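Read off the chains here:
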2 protein chains.
Amino acid sequence: MSGSVTARDAAAGGPTRDGAAGTAPVPHAAWLPPEAFRALGARRVLVHGDGPLVDTVFDEVVRACAGHGGWAGRTGVGAGSGSSADGPSAGGPSAGGSSAGCPVDLVLAVRGADPLPSAVPAGATATPVGDAGPLGDEGFLCSRVDGVTVVLADAPAGLLYGLFHLVRAGEAAFTGDRPTRAHRPTLRRRMLDHWDNVAVHPGSGQVERGYAGGSIFWRDGGPRGDRDRLRAYGRLLASTGVNAISVNNVNVGVTEARLLTDRLDDVAEIADLLRPYGVRVHLSVTFAAPVVLGGLPTADPLDDEVRQWWHDTTRRVFARIPDFGGYVVKADSEGQPGPFTYGRDHADGANLLAAALAPHGGVVHWRAFVYDHRQDWRDRRTDRARAAYDHFAPLDGRFADNVVLQVKFGPVDFQPREPVSPVIAAMPATRLAVELQVTQEYTGQQWHACYLAPWWREVLGFRPWGPPERTVADVLADVPGPQPRRGGDLVAVANVGDDPFWCGHPLAQANLYAFGRLAWDPCLDPVAILDEWIDLTFPASTVGDPDLVRATLHAVLDDSWRTYERYTAPLGVGFMVNPAGHYGPSVDGYEYSRWGTYHFADRDGVGVDRTRATGTGFTGQYPPPWSQVYESPERCPDELLLFFHHVPYSHVLHNGSTVIQHIYDTHFAGVEEVVAMRERWARLAGMIDRAVHDRVAERLDEQLRCATEWRDQVNTYFFRKSGVPDARGRRIH
Amino acid sequence: MSGSVTARDAAAGGPTRDGAAGTAPVPHAAWLPPEAFRALGARRVLVHGDGPLVDTVFDEVVRACAGHGGWAGRTGVGAGSGSSADGPSAGGPSAGGSSAGCPVDLVLAVRGADPLPSAVPAGATATPVGDAGPLGDEGFLCSRVDGVTVVLADAPAGLLYGLFHLVRAGEAAFTGDRPTRAHRPTLRRRMLDHWDNVAVHPGSGQVERGYAGGSIFWRDGGPRGDRDRLRAYGRLLASTGVNAISVNNVNVGVTEARLLTDRLDDVAEIADLLRPYGVRVHLSVTFAAPVVLGGLPTADPLDDEVRQWWHDTTRRVFARIPDFGGYVVKADSEGQPGPFTYGRDHADGANLLAAALAPHGGVVHWRAFVYDHRQDWRDRRTDRARAAYDHFAPLDGRFADNVVLQVKFGPVDFQPREPVSPVIAAMPATRLAVELQVTQEYTGQQWHACYLAPWWREVLGFRPWGPPERTVADVLADVPGPQPRRGGDLVAVANVGDDPFWCGHPLAQANLYAFGRLAWDPCLDPVAILDEWIDLTFPASTVGDPDLVRATLHAVLDDSWRTYERYTAPLGVGFMVNPAGHYGPSVDGYEYSRWGTYHFADRDGVGVDRTRATGTGFTGQYPPPWSQVYESPERCPDELLLFFHHVPYSHVLHNGSTVIQHIYDTHFAGVEEVVAMRERWARLAGMIDRAVHDRVAERLDEQLRCATEWRDQVNTYFFRKSGVPDARGRRIH
């Protein structure tokens, strides 16, 4: 069977399923404006395959062709297809388009029981050189043979990712011949955690650590109901490779707890909207659910009734949402309930939920963010950085196969600079997820331009056992052991809201994009990812001076994370932020608090002694060589010096500067860099979409104000403490 | 006409108007438990006079006699009496009580057109020695002649205050003979400002700076409706001499603005409930009311329509509440609208409202709390302490006669230690109110026992022109000028809420009591006031060991303000509190903020240079001798040293200690004093009401925790900065 729809057909009333036909304000197209589909949409495209994800691929192709003059045809739609009734082809006969029968430029095909369309050149099915492994559900082959570009997948999700691969490639996908190359994700699950509350929380609002307006899912205690926005979000996620989200805050309130039971329909609706984009839905649940929702007297993980409650409840979830992803749990952390209440450990707790999920193929993401949040600042022996390792490393090997232990990338809390968590090297028999923050809680809250991919790349490329041993990404990808298996996940806290630009700051979209891309392939170069994002978001044909636009975006973003690092807390010491909200400086804001985040600055020096010799012993949680490197103030990398050592202001860094002069220099430099960013951005006026330009300009003004505040407060603080004047005589207040 | 009601009559079903018959929880009796009325209630009492306030006096006497075996009779009730229908005598004939016709022990009489009852001995009407002045509406004469105690007043309010004078005196009022003495209030208006919001405010809650639960007036956007509670409150106020309150926050929200117009009935209800206790009701209004409520395009004070709007609106207020007190205004302050918006000054603004109020006898309390709340911490020339003087002193003489300029007692903001505001000496031709805080915003928020009367006494007794010139209280009492007049007010922000103990901390009731008493007579000794309060609140017959109870309460409270001062910010520097909420320490909490409250501590020294010679020049706002005394670091009183001077840590105080050692010593001492308070209080277990004991014990635990936190943070902060070890080798973290 075959069918085709011409561009004109579609333009005259074709599918608008993903369009902005709803009543809600049209959100910004982000990195998927119509122009980004020009190369693909100008071609003659044949889609081959069956099922809802192939429908999505075909819809995309149809829409692209409608906009850019190509045509789309489809084959391989079976009688039992899941294709929706309003789909454009639905397995019917040819729609009689004028191009039917012409040679094609592009075939996107799922290899299945049916033979491939004859349009696929023989060479396109060749085994890729040096890669005979299975493609899996999400991989695809790409080639260009005899003037035909071919994407082949073994499953519909692979075809979807192949489609967006072509979108990214643009005209290059249709130029010359290319040998067959296999593409598959390094990490099996690329996931965004939404810390969205259903009911507005008196402290954390509608979205905890949300800096882009309200939630796209929830408003004032119920579903937001903006189906178009959710479909658009699913499409953006699919285009980066993200395949899972959790839809509610890990701090689970009373209303949110009920998503698991009587509010399950609200979750199912989201799942229905995201399913066509290959995105599974997960839920954050409270460990106390058997008590709170089930009326049981206990939530003890070893209690039979508790186990049965989770079993029954989970069965009902999967009955309603067959492809439900699983549970996310923050237990025994910052006031959330957990197994400690019942004298059980976190393996008992996680395995309880894992057992309920296993029969259905679900997983539990169990967060390792467990520490004493009521610490006494006078107590210098307790070290929050030690907590995750101390709690979890002894449990290695005890977690069920469908438990994913979700570890924050650093030992403290999403700071702009921390060492990589020692937990990652310490749990060889445990499936791990590393948790990042796309939302810019500690990195400028989407008022500051701060492109985080270089930081994430550094984390993912860190080698816990030193070069040439495996990287963090390697550890996540492969879980060794008796039954080696591809393994862990990359997870991040999301940064979108109901803001027209999705992220508040239009340039923060680059972080969302880059997260998905790095999760797919942690070896990607952040600058190259940014180039992809620029090509898609600001297509050359839509801007005034493409070279200037590209150069400006690189100048503003490439090094912006390091700029942020320069004007904020120095040398890895972290947490000099306002306790109320975490925006802007407060050098002593956490110094006498219960949160375990101190810098110990006095008139002589600054930093936290975490050595084995004289400090908290945290350095001993690392394997060699880092256990030695971090232990030594001489060998420790400059950027982490104050994380590991308390040193005098006169301590000389590897860069030849003293600590105090480095503080002054970096803070002056950081602000100067923001001044330069702002000037460069101003020169783009009139060259790009005005709304985007204005919004970014507004945010750069605030970034400069805030960076200046950081500079002045940090410099003044350390000048008042140290009494050391700036060697260059600049003004310190 | 005469009438009488016996104790038994009343006990068998007498008046319960002020009783706890309502459905709301019965609040604590505070300083008016039934036992406090024993001496009076055991007597044969005759009340003479007419009108609602005399009804109140008679009701009190009847209730007291019902409880303690005396009897109450009444004469002088005219036919047109305002006596309430449910009153006990209502001018009818004798109720036939068994004591009718016996000689009386006490006469309370208003001198009017009618002849005094024959029971008044001739000597009781003698002119008091050395005091031939008029009693006024609120004064009274008190004497005891030939075994009869006599209180005479020229108006009902005086009789009410005379009654409570007798309650305070107890048995002493009925012992021996006493010559006639005149009593009258030093200040004409003794007022409490309630910073209560009608609608819960997202930032400041139901009561701004309220530490005793919800509002007694408002809940969730409307009247609270607890009429019994409001009557009980009026009674407590009357017993201390308070005669005015404002019923809503000076930060006027949208809902609260409408109290002036369509919500006026809610205000009238409060006025009706408090009127029998001689308490007038005032309203905080927004200067933008003509725009917000009246729909005018401007609130310009010189605009005719604006003047007409205020005129008409005020006329409607007095039509509804004939004894309405007037308006309270916070203008051009911390974001509130004001005359600056229209290029007018504060005399223009205040006189606008004064003109509308004058025909009805109302007054406007115009707050002098105007300063730049968006200051740059880098700017050391701007000095918030200067602001009130700089804004208002040039306007002296321009305010209408019914404007009361309401000046915070210190130049900054209700700190536990500040110099007295220089505005008080600078405006001889202006009627002034001094504003205190009974609510403990900066003095422990009713979790810390902190008896504030010694501090207020110090402020009221301060001599702005040096000894032997007039005190602050003298300045308030008498406004000189072409037409000298008795004048100003004492105002305080209230500390009550819907807490069962009224104030959260049962001992904070002593502050409410003392405020009224000092406003009546600023020369009273705070320790003597506390004795009165103890006698009333903990009558000897109701406690286990009266001497121990008294000694303990004195030990806990007498010096508690200075104890608080010792463990918090040192030497008058102020504002080392948590910016979020003002509870607990944060030494640098305000140091880099926009609020103008800095300490400038560095490794060498600390304090704010406010001298004319090298600082902000604030010392120049004082007349001699203070302009010289404060200017000199040698002559400046120790307790204000850091308010006026930036000095090295090695600076030697008058007490012989260095600044740094003084910081350590006072902080260790302050905590030790709290430890002692707590131990003493524990020994009262079983001797006083258990609920009171438990509540205070709970609060003392918290006070000790918090004081320890203050000690450790302040000492650690200054040790880290100065590097100077404690001379006594105590532990500093």
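Residues numbered from 1 in each chain as written. Chains lettered and ligands numbered in written order. Predicted model: local features only at pLDDT ≥ 70, side-chain atom pairs only at ≥ 80, totals over all residues. Heavy atoms only, no water.

Colleague: A description of the pairing of strand E18 (residues 432-437) of chain A should follow, citing residues and the corresponding values.
Modeller: All names here are of chain A. The element E18 is largely enclosed, with a buried count of six among its six residues. Burial along E18 is two-sided: Leu-432, Val-434 and Leu-436 and Ala-433, Glu-435 and Gln-437, pointing in opposite directions, are all buried. Bridging between strand E17 (residues 403-408) and E18 involves four bridges; their strand directions are parallel. Across the sheet, residue Gln-406 finds its bridge partner in E18, namely Ala-433. Judged from the five bridges that link them, E18 and strand E21 (residues 489-493) form a sheet pairing that is parallel. Bridge pairing in E21 places Val-434 opposite Leu-490. (Buried < 20%, exposed > 50% of the residue type's maximum accessible area, 1.4 Å probe, protein only. Helix = DSSP H or I, 4+ residues; strand = E, 2+ residues; numbered from the N terminus. Pairing = 2+ DSSP bridges.)

Colleague: I'd like to hear about the packing of aromatic side chains, residue by residue, with values.
Modeller: In this structure the tally under the stated criterion is 67 aromatic pairs over all chains. Ring geometry for Trp309(B) against Trp310(B): centres 5.1 Å apart, planes inclined by 85°, an arrangement best described as edge-to-face. The burial state of Trp309(B) is the same as that of Trp310(B); both residues are buried. Counting every residue linked through ring pairs, the aromatic cluster contains Phe462(A), Phe618(A), Tyr622(A), Trp626(A), Tyr630(A), Phe643(A) and Phe644(A). The ring centre of Tyr161(B) lies 5.6 Å from the NZ or CZ of Arg190(B), which sits over that ring. Geometry around Phe600(B) places Arg380(B) over its ring, the cationic atom sitting 3.9 Å from the centre. (Phe/Tyr/Trp six-rings, centres within 6.5 Å; stacked < 30°, edge-to-face > 60°. Lys NZ or Arg CZ within 6 Å of the ring centre and 35° of its normal.)

Colleague: Quick rundown of the pattern of salt bridges? Include the residues and the values.
Modeller: When charged atoms on two side chains of opposite charge get close, those side chains can pair. Residue and element names in this part refer to chain A. Counted by the stated rule, this structure contains 110 salt bridges over all chains. Taking the shortest distance from any N to any O, the salt bridge between Arg-562 and Asp-559 comes out at 3.6 Å. With a relative accessible area of 27%, Arg-562 lands in the partly exposed category. Residue Asp-559 is classed as partly exposed on the basis of its relative accessible area, which comes to 31%. (Salt bridge = Lys/Arg side-chain N within 4 Å of Asp/Glu carboxyl O.)

Colleague: Please set out the environment of His346(B) residue by residue, giving values where relevant.
Modeller: Within the secondary structure layout, His346(B) lies in helix H10 (residues 346-357). Assessed through its relative accessible area of 1%, His346(B) is described here as buried.

Colleague: Would you mind going over the relation of the copies chain B and chain A in detail, with residue names and values included?
Modeller: Least-squares fitting of chain B to chain A yields an RMSD of 0.0 Å, with the superposition described by an axial translation of 0.0 Å and a rotation of 180°. On this basis, the relationship between the two copies can be described by a two-fold rotation axis. (Least-squares fit on C-alpha atoms with pLDDT ≥ 70 in both.)

Colleague: Break down helix H16 (residues 526-537) of chain B for me, with residues and values.
Modeller: Residue and element names in this part refer to chain B. An ideal rise of 1.5 Å per residue puts 16 Å on twelve residues; H16 measures up with 16 Å between its terminal C-alpha atoms. Within H16 the residues assigned to the buried category are Pro-526, Ile-529, Leu-530, Glu-532, Trp-533, Ile-534, Leu-536 and Thr-537. Where H16 is buried, its residues contact helix H4 (156-169), helix H13 (453-461), helix H15 (509-520) and helix H17 (546-557). (Expected span 1.5 Å × (residues − 1). Contact = heavy atoms within 4.5 Å.)

Colleague: Quick rundown of the interface of chain B and chain A? Include the residues and the values.
Modeller: Contacts between chain B and chain A engage 22 residues on the former and 22 residues on the latter. Between chain B and chain A the total buried area reaches about 2,100 Å² when both faces are included, carbon and sulfur atoms providing 46% of it. Counting every contact that joins chain B to chain A gives six salt bridges. Here Arg378(A) makes a salt bridge to Glu709(B), at a shortest N to O gap of 2.8 Å. At the junction of chain B with chain A, the criterion picks out 17 residue pairs in polar contact (both at pLDDT 80 or more). The residue inventory of the side of chain B that touches chain A, partitioned by class, reads five nonpolar, six polar and eleven charged. (Buried area = accessible area lost by both parts, 1.4 Å probe. Polar contact = N/O pair within 3.5 Å; in protein donor to acceptor, adjacent residues only side chain to side chain. Nonpolar A, V, L, I, M, F, W, Y, C, P; charged D, E, K, R; others polar.)

Colleague: Please set out the sheet that holds E17(A) residue by residue, giving values where relevant.
Modeller: All names here are of chain A. Pairing in this closed barrel of eight strands is parallel, and the strands run E8-E13-E14-E15-E16-E17-E18-E21 around the ring. For this sheet the average axis-to-axis angle between neighbouring strands, irrespective of direction, equals 25°. Here helix H15 (residues 509-520) sits on the sheet in contact with strand E8 (189-193), E18 and E21, set at roughly 150° to E8. (Axes fitted to C-alpha atoms, helices over the stretch in contact; angles between N-to-C directions.)

Colleague: If you had to explain unusual backbone geometry to someone new, which residues and values would you point to?
Modeller: Looking along the chain, the bond that leaves Pro624(A) and enters Pro625(A) is cis, with omega of 5°. Mapped onto the elements, Pro625(A) comes out in the loop between strand E22 (605-606) and helix H19 (626-629). One non-glycine residue, Phe414(A), lies in the positive phi region at around 55°. Summarising the element assignment, Phe414(A) is placed in the loop between E17 and helix H12 (423-426). If you check the backbone angles, His582(B) has positive phi at about 70° while not being a glycine. Structurally, His582(B) can be placed in the loop between helix H18 (560-567) and strand E22 (605-606).

Colleague: Describe the state of the cysteines, with residues and values.
Modeller: Counted under the stated rule, the structure contains zero disulfides over all chains. For Cys523(A), which is in no disulfide, the shortest distance to another cysteine sulfur is to Cys142(A) and amounts to 19 Å. (Disulfide = S-S within 2.5 Å.)

Colleague: Explain the environment of Arg74(B) residue by residue, including any values.
Modeller: Residues and elements named next belong to chain B. Among the secondary structure elements, Arg-74 is positioned in strand E3 (residues 71-75). Under the relative-accessibility criterion, Arg-74 is labelled buried at 3%. Arg-74 sits 26 residues away from His-48 along the chain, and the two C-alpha atoms are 5.6 Å apart. A distance of 3.2 Å separates the side chain of Arg-74 from the backbone oxygen of Gly-49, its partner in a polar contact. Of note is the side chain of Arg-74, whose polar atom sits 2.7 Å from the side chain of Asp-55.

Colleague: So what's going on with the sheet that holds strand E13 (residues 244-246) of chain B? Residues and values would help.
Modeller: All names here are of chain B. On the basis of which strands lie adjacent, the closed barrel formed by eight strands has the order E8-E13-E14-E15-E16-E17-E18-E21 and parallel pairing. Averaged over all pairs of adjacent strands, the angle between strand axes in this sheet comes to 25°, irrespective of strand direction. Relative to strand E17 (residues 403-408), strand E16 (residues 363-367) is paired through four bridges, and the arrangement is parallel. Residue pairing in the sheet places Arg-367 in a bridge with Gln-406 of E17. With respect to the sheet, H10 is in contact with strand E15 (326-329), E16 and E17, its orientation differing from that of E16 by roughly 160°.

Colleague: Can you break down the packing of helix H21 (residues 659-682) of chain A against helix H22 (residues 690-722) of chain A residue by residue, with the values?
Modeller: Residues and elements named next belong to chain A. Where H21 contacts H22, the axes come no closer than 9 Å and their chain directions differ by 165°. Our classification of the angle between H21 and H22 gives roughly antiparallel. The interaxial crossing formed by H21 with H22 has left-handed handedness. (Parallel < 35°, antiparallel > 145°, perpendicular 65-115°, else oblique. Left-handed = near helix turned anticlockwise from the far one by under 90°.)

Colleague: Go over the packing of H17(B) against helix H21 (residues 659-682) of chain B, please, and point to the residues and values.
Modeller: Residues and elements named next belong to chain B. Interaxial distance between H17 and H21 falls to 9 Å at its minimum, and their mutual angle equals 160°. The pairing of H17 with H21 is recorded here as roughly antiparallel in orientation. When you trace H17 past H21, the crossing you get is left-handed. Side by side, H17 and H21 meet where Thr-552, Leu-553, Ala-555 and Val-556 of the first sit next to Met-677, Arg-680 and Trp-681 of the second. Classifying every residue of the contact of H17 with H21 by side-chain character gives five nonpolar, one polar and one charged.

Colleague: Please provide a residue-by-residue account of the side chain of Asp499(A), values included.
Modeller: Residue and element names in this part refer to chain A. Tracing the chain through its elements places Asp-499 in the loop between E21 and H15. A residue is classified by how much of its surface remains accessible, and Asp-499, at 10% relative accessible area, is buried. With residues near it in sequence (within four places) discarded, Asp-499 still touches Ala-212, Arg-229, Gly-504 and Arg-695.

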